[in-house]
Amino acid sequence: MTDARAVAAHIWEQLGGEPGELDRLEITGPAHTLPSRHAVTGAGAAAVGASLLAAASGPVAVDTRGLAVALCSERYLRIDGRSPGAAFAPLSAFHRTADGWIRLHANYPWHRAAALEVLGAAREEDAAAAIAGWRAVDLEEALHAAGGVAAAVRTADAWWAEFGAAPPLVERIDLAPAAPRPQRRPRVLDLTRVIAGPVATRTLAAHGADVLRLDPPDRPELPAQAWDTLPGKRSALLDARTDAAVLEELLAGADVVVTGYRPGALDRFGLSPEALAERHPGLVVVSLSAWGHRGPWGARRGFDSLVQAACGIAVDEGSPEEPGALPCQLLDHATGYLAAAAALLGLRRQRTDGGTPGYRLALVATAAWLQGLPRTAEPEPVEQVDPAPYVVDVPAPAGVLTLARPPGTVGGRPLTWPDPPPAYGAAAPEWPAEPAPGTVAS
């Protein structure tokens, strides 16, 4: 059985936290609330615990029952009491190939179109037959080249022999010298999509940050994805190609920027960590990716399900004959909570010591960390968690949203989602005016 507190201690060390602060963390509830051969519950509790420790100075706690709901937050999403539909599109699944298995991700229409074009299939119903004629790695390469997203299913030994050493779980970088910035409510510029980055920034919002998420107008977010990950944030649309001046003004007013695109994808907009540090010293820069920023896989698109497939988790959760999956998208969620902890610790250090703190995290690094924890031959039995105490109804422009509550307590009080409610693209791309010196903000 994995000792969640021991795992939290390792995470806290990776983040650079003070060891004595671990005494403030309490983990309660069953040791296993999500069925898996991997230490999903312990790893999730440790990651959430780290974000709570970084956010508060008093006692914090994680209950593994609420954790189980939070780690599957997209599963509990409802709008006006109804499910928004399946989390994965039909093509976003395991498919048999001529020599094994491959996992596709086609939730976004542009990835679906690339997959159908490579497969020469007019309809999704024709895709399985086309996939069966390909070798898994060949199809993986062809889809990547065409702008699609997929990963051949590999064993852990095969993956790590090919990929090499895993990146650090949390890579800390001193980007540039800078004077300490004055204390204020943190402003977070959210340049992320899908789950890991948005989980990080919604966590920062739950802890009081002013979070502004930007999305390109020509790449709309999936509605369910937006509803699940936008509570507490403002959401705006901005084209970085034509609105560079607006983007630069937002960066100048930010305290933290979180990016969640492929390494190098944002460089042409002056958004590499090094370029940001040069123009905006003192900014905390947190970068998330699927495959890390080094090596041939660094430039590839990736999602939690694909990292599970590539690195051997899918085989270990199922078998070489029929792969399986973790009971939640833990790589996304755990990486998101770790990124939130990094941002909060970076803010704390910057306000005290100065500098321009940078952090890199990757789903593949979280996967390697999870694979290194003790596991069981078969999933431990778990009792079904009643989600009712761990969800909340939030009136929003689209309807009444049922959302998983933010996990954990601070000083004995549960966290809640602050305003505004999720409203994709409804906000102006600007920071609110700061109160004049000597006045009190309302």
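Residue numbers restart at each chain and count upward from 1, following the sequence in its written direction. In keeping with the predicted nature of the model, local features appear solely for residues at pLDDT of at least 70, side-chain atom pairs appear and are counted solely at 80 or more, and the whole-chain, interface and lining totals rest on all residues. Excluding hydrogens and water, the side-chain figures rest on all heavy atoms present in the structure.

**Considerations on the sheet that holds strand β10 (residues 233–237)**
Part 1 of the reasoning: Two strands qualify as a pair provided that DSSP identifies no fewer than 2 bridges between them. Strands here are runs of E lasting at least two residues and helices are runs of H or I lasting at least four, both read from the DSSP assignment and numbered beginning at the N terminus. Strand order in the open sheet made by the seven strands is β7-β13-β12-β11-β8-β9-β10, with mixed pairing throughout. Of all the strands in the sheet, the pair left with one neighbour each is β7 (171–174) and β10. Within this sheet the neighbouring strands show an average axis-to-axis angle of 20°, counted without direction.
Part 2 of the reasoning: The pairing of strand β12 (residues 284–289) with strand β13 (residues 357–362) spans five bridges and is parallel. Working convention: axes come from line fits to C-alpha atoms, limited for helices to the stretch in contact. Angles between N-to-C directions cover 0 to 180 degrees.

**A closer look at the nonpolar core**
Part 1 of the reasoning: Definition used in this section: a nonpolar core is a set of buried Ala, Val, Leu, Ile, Met, Phe, Trp, Tyr and Cys residues joined via side-chain atoms within 4.5 Å. Throughout, exposure labels follow a simple rule: accessible area from a 1.4 Å probe, protein chains only, divided by the maximum for the residue type, with under 20% read as buried, over 50% as exposed, and the rest as partly exposed. Counting 96 residues, the largest nonpolar core has I11, L15, V286, W291, V307 and L330 as its most contacted members.
Part 2 of the reasoning: Top element by residues in this core is helix α15 (residues 330–353). It accounts for 13 residues.
Part 3 of the reasoning: Excluding anything up to four places from it in sequence, V286 contacts V257, V258, T259, A339, A343, Y359 and L361.
Part 4 of the reasoning: Counting 19 residues, the second largest nonpolar core, distinct from the first, contains L175, L189, L212 and L251. What makes two residues a contact is simply this: any of their non-hydrogen atoms within 4.5 Å.

**Some points on the packing of aromatic side chains**
Part 1 of the reasoning: Ring pairs are drawn from Phe, Tyr and Trp, using the six-membered ring of Trp, whenever the two centres fall within 6.5 Å, and their geometry is named by plane angle: stacked under 30 degrees, edge-to-face over 60, tilted for the rest. A full pass over the atoms with the stated rule returns seven aromatic pairs.
Part 2 of the reasoning: With centroids separated by 5.7 Å and ring planes inclined at 85°, the aromatic side chains of W160 and F163 adopt a geometry described as edge-to-face. Separated by three residues within a single helix, W160 and F163 lie in helix α8 (residues 156–163), roughly one turn from each other.
Part 3 of the reasoning: Looking at R103, its charged tip hangs above the ring of F94, at a distance of 4.8 Å from the centre.
Part 4 of the reasoning: Put simply, a charge is over a ring when the Lys NZ or the Arg CZ is close to the ring centre, within 6 Å, and near the line of the ring normal, within 35 degrees. Positioned above the aromatic ring of W110, the side-chain terminus of R219 is 4.4 Å from the ring centre.

**Focus on the side chain of D255**
Part 1 of the reasoning: In this fold, D255 is placed in the loop between α11 (244–253) and β11 (256–259).
Part 2 of the reasoning: Residue classification places D255 among the buried positions, given a relative accessible area of 2%.
Part 3 of the reasoning: Polar contacts, as used here, are pairs of N or O atoms within 3.5 Å; protein pairs need one atom able to donate a hydrogen and one able to accept it. Residues neighboring in sequence count only if both atoms are side-chain atoms. Only 3.1 Å separates the side chain of D255 from the side chain of R184, close enough to count as a polar contact.
Part 4 of the reasoning: At a separation of 2.9 Å, a polar atom in the side chain of D255 contacts the side chain of R351.

**Comments concerning unusual backbone geometry**
Part 1 of the reasoning: Residue P420 follows D419 across a cis peptide bond; omega there is 5°.
Part 2 of the reasoning: For P420, the location among the structural elements is in the segment after β17 (413–414).
Part 3 of the reasoning: The phi dihedral of D80 falls on the positive side, at around 50°, and the residue is not glycine.
Part 4 of the reasoning: Among the structural elements, D80 can be located in the loop between β3 (78–79) and β4 (94–96).
Part 5 of the reasoning: The residue V194 is not glycine, and still its phi comes out positive at about 65°.
Part 6 of the reasoning: Examined against the element boundaries, V194 turns out to sit in the loop between β8 (187–191) and α9 (196–206).
Part 7 of the reasoning: Here V194 falls in the buried class, since its relative accessible area comes to 16%.

**Things to note about α15**
Part 1 of the reasoning: An expected span of 1.5 Å times one less than the residue number is assigned to each helix. The end-to-end C-alpha distance of α15 is 33 Å, a good match for the 34 Å that 24 residues give at a rise of 1.5 Å each.
Part 2 of the reasoning: Most of α15 sits inside the fold, with 20 of its 24 residues counted as buried.

**Quick look at the domain arrangement of the protein chain**
Part 1 of the reasoning: Those domain boundaries reflect an automatic or database domain assignment. Considered domain by domain, the protein chain is made up of domain 1 (4–83 + 385–414), domain 2 (90–164) and domain 3 (170–294 + 328–372).
Part 2 of the reasoning: One C-alpha centre belongs to domain 1, the other to domain 2, and the line joining them spans 33 Å.

**A closer look at the pattern of salt bridges**
A pair can form between side chains of opposite charge whenever their charged atoms are brought close.
Part 1 of the reasoning: Salt bridges are counted wherever a side-chain nitrogen of Lys or Arg sits within 4 Å of a carboxyl oxygen of Asp or Glu. The full count for this structure, using the stated rule, is 28 salt bridges.
Part 2 of the reasoning: The partner of D190 in a salt bridge is K233, with the nearest N and O atoms 3.1 Å apart. One end of the pair, D190, is in strand β8; the other, K233, is in strand β10, with 43 residues separating them in the sequence.
Part 3 of the reasoning: Between E274 and R360 there is a salt bridge; the shortest N-O distance is 3.6 Å.

**Quick look at the pairing of strand β2 (residues 60–63)**
Part 1 of the reasoning: When strand β1 (residues 25–28) meets β2, the two strands line up parallel, connected through four bridges. Each residue of the ladder has a partner; that of L25, found in β2, is V60.
Part 2 of the reasoning: Handedness of a crossover is defined as follows: orient the strands so they point away from the viewer, and if the path from the first strand over the helix to the second runs clockwise, the crossover is right-handed. As a crossover connection, the stretch from β1 through helix α2 (residues 40–55) into β2 is left-handed.
Part 3 of the reasoning: Here β2 runs beside strand β16 (residues 409–410); their pairing, made up of two bridges, is antiparallel. Within β16, the position partnered with V60 by the bridge is V410.

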